[in-house]
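# What the coordinates show
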Amino acid sequence: MAFTRVTSSHRLFLAVLLPLLMLGTFAVRGMKAQSKAAWDAMEEEAARAAMVAADHLAREFQAKVREVPRFPDPPVPGSPSPMDAVLDGGDIPALLALRDSPEAGTSPAGLPRRILAALRLLELDPEFLRDRAADRGEIARLATEECPSVLTGLVIQKLGMSDGASSQRWKDVEEALLILRSHPEGGWIPRGDSYAWVRQDGSQVSFLSTAAVLAILQDKQLSYAAPKDFGIRISTGKDLPRSSAAPAIFGAAPVSFGEGLRAEVYLHSPDQAMASLRRQQLWTYSALALAAVVSLGGLYLIHRTLQRERKLNEMKSQFVASVSHELRAPVASIRLMADALEEGKMAPETAKEFHRLIAREGARLSTLVGNVLDHARIEQGRRIWKMESCDLAALVAETLRVMEPLTREKELALLSSLEAVEASVDAGAIQQALVNLLDNAIKFSPRGKSIGTSLAIHDESRTWTLSVSDEGSGIPKEEQSRIFERFYRPGDELRRETQGTGIGLSLVKSIVDAHGGSVTVESEPGKGSTFTLRLPISTP
Ligand code: ADP
């Protein structure tokens, strides 16, 4: 029997746990595949974005390449000419004509006469260039394209034109030449956070200044090419050491301009990018955990119900055994005493005692049979309650009188305090409840103690109470909530010294429930117990 029970419990566990385990395995695998797919998709997108950015960059770079002009450097001396005299004079129209003459040539010192004329004009009239954009542009062009490069910076400064486009060109030239000096091979050269690109082809120099490269890299279009959460950066791929904090590169594409330059796509924040995936996974895990909790909870409930069912069955069998025992003992003693009385060979006092004992055993039998029958009726819902107005003090007094002989046998004092109570009750049922409480009090009291019964009315709450207290064995705290369960008797059958069937208190509870009342117990082991019924004066 025990073996079958164990295997059925095992089967139950397997039936729930195996599918749960399989579900978990599938879910974990699914999620792994899902995150791999999401990662792959991001890599694909990053590669595509890198290609778009590389293509865009190549075209931008191509468009911004500048051919660096070559300056006469060092100065080429010219031959003396009457024009040199004009340069020393103050004739403004002559100076203007000289400045604008393509044949002006260079002075014996090697400086373009046109520049010298412009400088002379400024010397004569510092306001000369105010509001004359055309002149200003022309002078700047002369300074940056015709002046020996070693002097261009000075001239530009003197003319106060260091912020114009021409001077920028000249600065570019300077930068290109400077780079070429340290990197004669040219190519992409890291400059601070950016790059410059330079190529020397014979005497021809092509150049992308750092400023131009920066302007292109900061172009908004480049960042548009990047998907959400990604950033794009440009790298030569070789000479920039990557720190450990550098972002993980997701995709890269070569920029087909110059050599070795790559557009790299990185994740701004991998955690953030993976957040939605993680959120999905969290949902799946939560659903899985919920399924596990619900299944295990269900499993536990089934297990508990089975256990209770098993316990109830055990208690029922015990009940049947106790009832048979309880019936057999009084019947046997009644038969023995009746036989002895029939023979008539005994002293009159003994005969009287036998009659008393037969009456007592008979009463016990009728209480027992009454309990069993009522229990069966209540269980099957067949018990009909007859509520009638009743003088409860009289009912209790009458019950105490009936029980009195039993207390006398154990030399128990039967005390009572009864108030007058008129309530609508099923008198027979209330008496049965009281008999059961008194019967227990007598059973569990040692010889010579007292049992108290009190009946009281509580007008304000429209209730009345009936309590039975004893000075008996008492009931441990943990048992107190269970003793009202049907068939429940504490301890195992062998340990129980007192007779009983375990339905007395459950019957009391059913009776009280039917009256819309309650039953409580206060008890301390070794000191005694008090059972109290609290019922409404009129039945609901
Ligand atoms: P029975 O008395 O037939 O065993 P009951 O339902 O009347 O069944 O009582 C259940 C159990 O509650 C008893 O077996 C006993 O352990 C405990 N009990 C009831 N009344 C008392 C009492 N007055 N003093 C001590 N224990 C009690």
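The shown structure was predicted, so the numbers you read here are calculated from the model rather than taken from an experiment.

### Some details on the overall build of the chain
Helix and strand counts for the chain come out as 16 helices and 14 strands. Taken over the C-alpha trace, the chain has a radius of gyration of 57 Å; the compact-globule value for 540 residues is 24 Å, which it surpasses by more than 25%. Along the three orthogonal principal directions, the C-alpha set of the chain runs to about 180 × 55 × 40 Å. Burial statistics for the chain: of 540 residues in total, 37% are counted as buried. When contacts within the chain are restricted to residue pairs at least 6 apart in sequence, those whose partners lie at least 24 apart make up 68%. Approximately 30600 Å² of the chain is accessible, and the part contributed by carbon and sulfur atoms is 58%. For the chain, the distance from the average site of its 64 positive side-chain charges to the average site of its 68 negative ones is 6 Å.

### What about the pattern of salt bridges?
Throughout the structure, instances matching the rule amount to 25 salt bridges. A salt bridge links arginine 401 to glutamate 398; the shortest N-O distance between them is 2.9 Å. Pair noted here: arginine 401 and glutamate 398 are both in helix 13 (residues 392-409), with a separation of 3 residues, about one helical turn. What makes glutamate 398 partly exposed here is its relative accessible area of 35%. Taken together, the shared-partner salt bridges in this structure form one network comprising Glu353, Arg356, Arg360, Glu361, Arg364 and Glu409.

### What to know about the site of the ligand
The local shell around the ligand holds 20 residues, among which Asn440, Asp470, Arg489, Thr501 and Leu505 are the closest. Take arginine 489: an N or O atom from its side chain is 2.6 Å from an oxygen atom of the ligand. The backbone of leucine 505 places a nitrogen or oxygen atom 2.8 Å from an oxygen atom of the ligand. Considering the ligand on its own, with 530 Å² of exposed area, one finds that the protein chains cover 94% of that surface.

### A few points about the packing of aromatic side chains
Under the defined criterion, the tally for this structure stands at 6 aromatic pairs. Seen from their ring centres, phenylalanine 61 and phenylalanine 257 are 5.5 Å apart, and the 45° between their planes marks the pair as tilted. Placement of phenylalanine 61 in helix 1 (residues 2-64) and of phenylalanine 257 in the loop between strand 6 (249-254) and strand 7 (262-267) is noted, with a sequence separation of 196 residues between them. This pair shows no difference in class: phenylalanine 61 is buried, exactly as phenylalanine 257 is. On the basis of an interplanar angle of 75° and a centroid distance of 6.2 Å, the ring pair of phenylalanine 484 and phenylalanine 531 is categorised as edge-to-face. With phenylalanine 484 in the loop between helix 15 (477-480) and helix 16 (504-514) and phenylalanine 531 in strand 14 (residues 528-536), this pair connects stretches of sequence that are 47 residues apart. Taking relative accessible area as the criterion, phenylalanine 484 reaches 13% and is therefore assigned buried. A connected cluster of aromatic rings, assembled from ring pairs, spans Phe61, Trp188, Tyr195, Trp197 and Phe257.

### As for the side chain of serine 529
Tracing the backbone shows serine 529 in strand 14. Only 3.0 Å separates the side chain of serine 529 from the side chain of serine 523, close enough to count as a polar contact. In this structure, serine 529 is in contact with Val468, Ser469, Asp470, Gly474, Ile475, Glu522 and Ser523, ignoring residues within four places of it in sequence.

### Comments concerning the pairing of strand 4 (residues 204-208)
In summary, the side chains of a regular strand alternate between the two faces of the sheet. The buried count for strand 4 comes to 4 of 5 residues, which makes it a mostly enclosed element. By the bridge criterion, 3 bridges tie strand 1 (residues 66-68) to strand 4 in an arrangement that is antiparallel. What sits directly across from valine 68, in strand 4, is valine 205. Pairing between strand 3 (residues 194-201) and strand 4: 5 bridges, direction antiparallel. Considered in strand 4, the bridge of tryptophan 197 is made with leucine 208.

### Observations regarding the sheet that holds strand 14
Two modes of strand pairing occur in sheets, parallel and antiparallel, and in both the strands are linked by backbone hydrogen bonds. Judged by pairing direction, the sheet is mixed, and its 5 strands sit side by side in the order 9-11-12-14-13 without closing on themselves. Each of the sheet's edge strands pairs with one partner strand only, and the pair in question is strand 9 (413-418) and strand 13 (518-524). For this sheet the average axis-to-axis angle between neighbouring strands, irrespective of direction, equals 10°. Packed on one face of the sheet, helix 13 meets strand 9, strand 11 (450-458) and strand 12 (463-470) and runs near 180° to strand 9.

### Concerning the sheet that holds strand 3
Strands sit in the order 1-4-3-2 across an open sheet of 4 strands; the sheet is antiparallel. Taken across any chain shown, the strands that pair with only one partner, and hence form the sheet edges, are strand 1 and strand 2 (187-191). In this sheet, adjacent strand axes meet at a mean angle of 30° when their direction is disregarded. Contacts from helix 8 (residues 210-217) reach strand 2, strand 3 and strand 4, with the element oriented near 130° to strand 3.

### What to know about the nonpolar core
Counting residues in each nonpolar core, the largest one holds 47 residues, and the members touching the most others are Leu392, Trp464 and Leu533. It is helix 14 (residues 427-443) that contributes the most residues to this core, 9 residues altogether. If we ignore the near neighbours within four places in the chain, the residues touching leucine 533 are Ala433, Leu437, Trp464, Thr465, Leu466, Val508, Val512, Ser518 and Val519. Judged by nonpolar contacts, the second largest core, of 31 residues, contains Ala53, Leu222, Ala263 and Leu267.

### Structural notes on the confidence of the model for the chain
Mean pLDDT over the chain works out to 83, with 91% of the residues at or above the 70 mark. Contacts of residues 239-244 to residues separated by more than four positions or lying in other chains number 6 contacts, the stretch itself having pLDDT below 50.

### Describing unusual backbone geometry
Residues other than glycine seldom take positive phi values, yet glutamate 411 does so here, at roughly 55°. Despite not being glycine, arginine 462 has its phi angle at roughly 55°, a positive value. Structurally, arginine 462 can be placed in the loop between strand 11 and strand 12.

### Thoughts on the pairing of strand 12
Among the 8 residues of strand 12, 7 are classified as buried, and the element is accordingly described as predominantly covered. Across 8 bridges, strand 11 lies against strand 12 in antiparallel orientation. Each residue of the ladder has a partner; that of leucine 455, found in strand 12, is leucine 466. Hairpin remark: strand 11 followed by strand 12, antiparallel, with 4 residues in the connecting loop; positive phi at arginine 462, about 55°. Across 8 bridges, the pairing between strand 12 and strand 14 is antiparallel. Among the inter-strand pairings, valine 468 is bridged to a residue of strand 14, identified as phenylalanine 531.

The rules behind these values
- Residues numbered from 1 in each chain as written.
- Predicted model: local features only at pLDDT ≥ 70, side-chain atom pairs only at ≥ 80, totals over all residues.
- Heavy atoms only, no water.
- Helix = DSSP H or I, 4+ residues; strand = E, 2+ residues; numbered from the N terminus.
- Rg over C-alpha atoms; globule rule 2.2 N^0.38 Å.
- Buried < 20%, exposed > 50% of the residue type's maximum accessible area, 1.4 Å probe, protein only.
- Contact = heavy atoms within 4.5 Å.
- Areas by Shrake-Rupley, 256 points an atom, 1.4 Å probe, with all protein chains shown as cover.
- Lys, Arg positive; Asp, Glu negative; His and termini not counted.
- Charge placed at Lys NZ, Arg CZ, Asp CG, Glu CD.
- Salt bridge = Lys/Arg side-chain N within 4 Å of Asp/Glu carboxyl O.
- Near = heavy atom within 4 Å.
- Polar contact = N/O pair within 3.5 Å; in protein donor to acceptor, adjacent residues only side chain to side chain.
- Phe/Tyr/Trp six-rings, centres within 6.5 Å; stacked < 30°, edge-to-face > 60°.
- Pairing = 2+ DSSP bridges.
- Axes fitted to C-alpha atoms, helices over the stretch in contact; angles between N-to-C directions.
- Core = buried A, V, L, I, M, F, W, Y, C linked by side-chain atoms within 4.5 Å.
- pLDDT = per-residue confidence, 0-100.

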